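Observations on the three-dimensional arrangement
Here is how the chains run, residue by residue.
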Amino acid sequence: MRDRALWRIRPYIRPFRKHIVFVVVSAILSISASLMIPLIAKTVIDGPITDGDNGAVVPWFLLAVGLAVFEASLTFTRRIMMARLSTTIEANIRTDLYAHLQKLDIGFHDQWQSGQLLSRATTDLGIIRRFAGFGAIFLVILTAEVLVIFGLLLTLHFWLGLLVVSISVPILTLSRRFERQYFTYVRRIQDLQGDLTTTIEEGARGIRVLKAFGRGPRAFEQFDEQATELFNTHISRIRLHTRFVWLLTAIPDITLAVILLLGALVVGSGGLSVGGLVAMVTYVLILVWPIEALAWILALAEEAETSAGRVWEVFDTEPVIADDENSLHLDVAEGHVRLEGVSFRYPTGDREVLDGVDLVIEPGQTLALVGATGSGKTTIATLLARLYDPTAGRITLDGTDVRDLSVESLRRQIGFAFEEPTLFSASVKENLLMGHPGATDADVDWALDAAQASFVESLPWGLDTRIGEQGLSLSGGQRQRLALARAIISRPRLLILDDPLSALDVHTEAKVEQAIRPVLRECTSLIVVHRASTVALADRVAFLDGGKIVDTGTHHDLLERNAAYKAILSQTPDESGAQGSKATRVGDGA
Ligand SMILES: Nc1ncnc2c1ncn2[C@@H]1O[C@H](COP(=O)(O)OP(=O)(O)OP(=O)(O)O)[C@@H](O)[C@H]1O
Ligand SMILES: [Mg+2]
């Protein structure tokens, strides 16, 4: 089972089959070259040196130098090739992972800490790269080297050779035990790293709140706790690894001493030449490094295996909201929206947020959705864009269940301005084009005009000004108007505005309402509204309470007949709200 996660990077390696064959062949050649040197030494000692013929040493010397140069150049080429290969593999997996994350539903992202995703896309892939690039190849090569040395030792002197070979038994047993313990530590470390990344990320993003509330020290404490646990786990892991390496070095070293002692006896009794003993001792010395390296590679393999497990946990999550072969393509929607008995519970939630919502929006109509805070207005808006699927009931667009439409063609009909106007670290224009990549300059001007966002002209570089995290900070009202412009720029058939004017002063709000009216006439729209003044934009109002639409009608009708509705919107003295005192948000205490 555990072997499988790492095994699954096979498709990424397959295109490089030829390179890998080259790498393995070249490695075997260079190892053979280096393993020939002790044999040359044996020949020189038992031949020219014993015979006192110094001139005969020269050709052997030249052969040894030639082999060394040959081995070094092969190693050089191989390293460059492996580094390229493993970096490419890592980059390809990361690209696929990012694409997969984009495909996954909001429900998935609700349940996963961003730091966990971040550490999987960076640290874990880095570990897999190290293993795929060096570990895996070395595992094969070193094992081969060890086996060849065993063979050579057995040929040089069978019983002494057998003694060396027999040390592989305790080493193998130890390795298996080590692997099992190491796995536990590594998984724990990688999970802790994910948690720590989340904490650091939240600390950076929430820095304003932390400072304003003086919560810096508490946040630091939390960070410190996690960092200390990570540190301690690391230390335990290193301790285990060091113990293992110690044993792996000690066993061959002791073997070496034994071989020297027994070897001397065997040479004395004429069972082995001096050169033969030198060669055997050299081989046992050479053996120490591959065995030590194998310990390191086994550890790396364990890390890569857990990393691969963590990465494939993400890959194995299938998007629920996705097309199938029967998905219908919707060209241009007329804009007839219908919710039939829609119930919804968040994947992480413990209760139904919506409980049998029935709602109709006719083509071209503007419907205001009113309800107390937390009543589920945003939830309805996100269901329309199919960011989630209802748990019961259905939503249709032009009579077709939205689940039967291709996601791409459904989303293309929709413009969405979210409650939280997220802008990206990019220019103003790039942010707007996110709503419609093919928009012309005229479209951009039009959208900015309709959203009353002419303030961008006075930004230092106009439309090219970078905003978002790495750029100029905009005010809440400015961000909201850009988000509104982004929602309408594609002239969508279905426009969803979640409390789009909440951050504006009454005066600017009135101006935006004026400018947005013609846009609303062109499409079907759902506007989540908290103020009586914004309700004026709508043809009809739906009142959401207790997870159901309890009343629909015009604003006037509802004000007259529905006391709860009136209570929610009654703080505004003037319904248009454009003049008079600042309108009050629901939940500000009615
Ligand atoms: N991602 C989520 N996971 C779990 N529960 C959620 C999630 N988002 C919202 N909820 C819960 O669903 C309920 C409805 O939330 P929703 O955001 O739809 O309310 P709302 O009417 O838009 O409120 P507001 O007027 O404050 O914007 C709330 O009780 C909220 O706690
Ligand atoms: Mg909301």
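Fair warning: this is a prediction, and the values are worked out from it, not measured in the lab. (Residues numbered from 1 in each chain as written. Chains lettered and ligands numbered in written order. Predicted model: local features only at pLDDT ≥ 70, side-chain atom pairs only at ≥ 80, totals over all residues. Heavy atoms only, no water.)

Points about the coordination of the magnesium ion (ligand 2)
Just so we agree on the cut-off: Listed donor atoms are N, O and S within 2.8 Å of the metal (Na, K and Ca: 3.2 Å). As water is not included, a site may look incomplete. Secondary structure follows DSSP: runs of H or I at least 4 residues long count as helices, runs of E at least 2 residues long count as strands, and numbering of each begins at the N terminus. Per-residue accessibility, obtained with a 1.4 Å probe over protein chains only, is compared with the maximum for each type, and a residue is labelled buried under 20%, exposed over 50%, and partly exposed between these values.
Around the magnesium ion (ligand 2), the protein contributes the donor atoms T378 (OG1), E419 (OE) and E419 (OE), which lie 1.9 to 2.7 Å from the metal centre. Here E419 lies in the loop between β6 (414-417) and β7 (426-427) and T378 lies in helix α12 (residues 377-384), a separation of 41 residues in the sequence. Taking relative accessible area as the criterion, E419 reaches 36% and is therefore assigned partly exposed.

Focus on a nonpolar patch on the surface
To be explicit about the condition: Exposure above 30% relative accessible area and the lack of any salt bridge qualify a residue for a patch; like charges then connect within 9 Å, and the nonpolar side chains Val, Leu, Ile, Met, Phe, Trp and Tyr within 5 Å. Note on areas: these come from Shrake-Rupley sampling with a 1.4 Å probe, and a residue is covered only by the protein chains present in the view. What counts as a salt bridge is simple: a side-chain nitrogen of Lys or Arg found within 4 Å of a carboxyl oxygen of Asp or Glu.
On the surface, V58, F61, L62, V65 and V69 cluster together into a nonpolar patch covering about 470 Å² of accessible area. Overall, the relative accessible area of 46% leaves V58 in the partly exposed class.

Some words on the sheet that holds strand β3 (residues 366-371)
The cut-off we apply is this: Any two strands between which DSSP finds at least two bridges are classified as paired. Convention adopted: a line fitted to C-alpha atoms gives each axis, helices being fitted over their contacting stretch, and angles between N-to-C directions are expressed from 0 to 180 degrees.
With respect to topology, six strands assemble into an open sheet ordered β6-β9-β10-β3-β11-β12, the strand pairing being mixed. Among the strands making up the open sheet, the edge pair consists of β6 and β12 (548-553). Strand after strand, the sheet turns through a mean of 15° between neighbouring axes, direction not considered. Both strand β9 (residues 494-498) and strand β10 (residues 524-528) contribute to a ladder of five bridges, which runs parallel. Its bridge partner lying in β10, L494 is registered against T524.

Comments concerning the environment of G462
Note the following rule: We call two residues contacting when some pair of their heavy atoms lies within 4.5 Å.
Mapped onto the elements of the fold, G462 is located in the loop between α15 (441-450) and β8 (466-467). Expressed as a C-alpha distance, the spacing of G462 and V274, which sit 188 residues apart in the sequence, is 85 Å. Ignoring anything within four residues of it in the chain, the contact list for G462 reads V428, V456 and E457.

A word on a negative patch on the surface
Formally: Here Asp and Glu are counted as negative and Lys and Arg as positive; His is not counted, and neither are the chain ends. Each charge is placed at NZ for Lys, CZ for Arg, CG for Asp and CD for Glu.
Together, D323, D324, E325 and D404 line one region of the surface with negative charge. The topology assignment puts D404 in the loop between β5 (400-401) and α13 (407-412).

Focus on the nonpolar core
To be explicit about the condition: Throughout, nonpolar core names a set of buried Ala, Val, Leu, Ile, Met, Phe, Trp, Tyr and Cys residues whose side chains join them through atoms within 4.5 Å.
If you look at the biggest cluster of nonpolar residues, it comprises 70 residues, and the most contacted ones within it are I93 and V311. Looking at this core, the elements that each hand over two or more residues are α1 (2-7), α3 (17-51), α4 (57-103), α6 (114-156), α7 (158-166), α8 (168-205), α10 (216-268) and α11 (274-315). It is α11 that provides the largest number of residues to this core, a total of 21 residues. Counting 46 residues, the second-largest nonpolar core is a separate cluster that includes A485, A538, L558 and I568.

A look at the site of ligand 1
Applicable threshold: Throughout, near means a residue has at least one heavy atom within 4 Å of the molecule or strand. Here a polar contact means two N or O atoms within 3.5 Å. Within protein one must be a hydrogen donor candidate and the other an acceptor candidate, and residues neighboring in sequence count only if both atoms are side-chain atoms. Gly counts as polar in this scheme, as do all residues outside two lists: the nonpolar Ala, Val, Leu, Ile, Met, Phe, Trp, Tyr, Cys and Pro, and the charged Asp, Glu, Lys and Arg.
Within the structure, ligand 1 sits among 16 residues, and R351, T373, T378, T379 and E419 are positioned closest to it. Measuring from an oxygen atom of ligand 1, one finds a backbone N or O atom of G374 at 2.8 Å. In the model, an oxygen atom of ligand 1 is placed 2.5 Å from a nitrogen or oxygen of the T379 side chain. Taken by itself ligand 1 offers 630 Å² of open surface, and the protein chains cover 70% of this. Here the shell around ligand 1 takes three residues from α12, the largest share from any one element. Class assignment of the residues belonging to the shell around ligand 1 gives a composition of four nonpolar, eight polar and four charged.

Remarks on a positive patch on the surface
On the surface, R10, R14, R17 and K18 cluster together into a patch of positive charge. Secondary-structure assignment places K18 in helix α3. What makes K18 exposed here is its relative accessible area of 74%.

Focus on the pattern of salt bridges
Under the counting rule described, the total for this entry stands at 26 salt bridges. Between E90 and R94 there is a salt bridge, with the nearest N and O atoms lying 2.7 Å from each other. Of this pair, E90 and R94 are both found in helix α4, four residues apart, which corresponds to roughly one turn of the helix. You can call E90 buried: its relative accessible area is 8%. The partly exposed category is assigned to R94, whose relative accessible area is 31%. When the shortest N-O distance is used, the salt bridge between R130 and E303 registers 4.0 Å. Of this pair, R130 sits in helix α6 while E303 sits in helix α11, and the two are 173 residues apart along the sequence. Residue R130 is classed as partly exposed on the basis of its relative accessible area, which comes to 40%. What makes E303 buried here is its relative accessible area of 13%. A network of salt bridges, in which partner residues are shared, links R120, D124, R187, D191, R310 and E313.

What to know about the domain arrangement of the protein
Accessible area lost when the parts come together is the quantity often used to give the size of an interface. To keep it simple, the criterion reads: Each domain's extent was defined by an automatic or database domain assignment. Buried area counts how much accessible surface, traced with a 1.4 Å probe, disappears from two parts once they are put together, with both parts' losses summed.
When cut into domains, the protein gives domain 1 (2-315) and domain 2 (332-413 + 523-590). Counting residues at the interface gives four residues for domain 1, matched by five residues for domain 2. In total, domain 1 and domain 2 occlude about 380 Å² of area from one another, counting both sides; carbon and sulfur atoms represent 64% of this. Sorting the residues of domain 1 by area buried against domain 2 places I106, D110 and Q111 first, and these three jointly supply 83% of that buried surface. Remark: the boundary between domain 1 and domain 2 carries zero salt bridges. Per-class residue counts for the side of domain 1 that touches domain 2 are one nonpolar, two polar and one charged.

Structural notes on unusual backbone geometry
One non-glycine residue, D398, lies in the positive phi region at around 50°. Look at D499: it is not a glycine, yet its phi comes out positive at around 50°. Assignment of secondary structure puts D499 in the loop between β9 and α17 (506-521). Looking at D499, the relative accessible area reads 6%, which means it is buried.

Details of the pairing of β10
Regular strands show a simple pattern: their side chains alternate between the two faces of the sheet. Among the five residues that make up β10, five are buried, leaving the element largely enclosed by the rest of the structure. By the alternation rule, side chains of β10 split into T524, L526 and V528 and S525 and I527, which are all buried. Here β3 pairs with β10 via four bridges, running parallel. Its bridge partner lying in β10, L367 is registered against L526.

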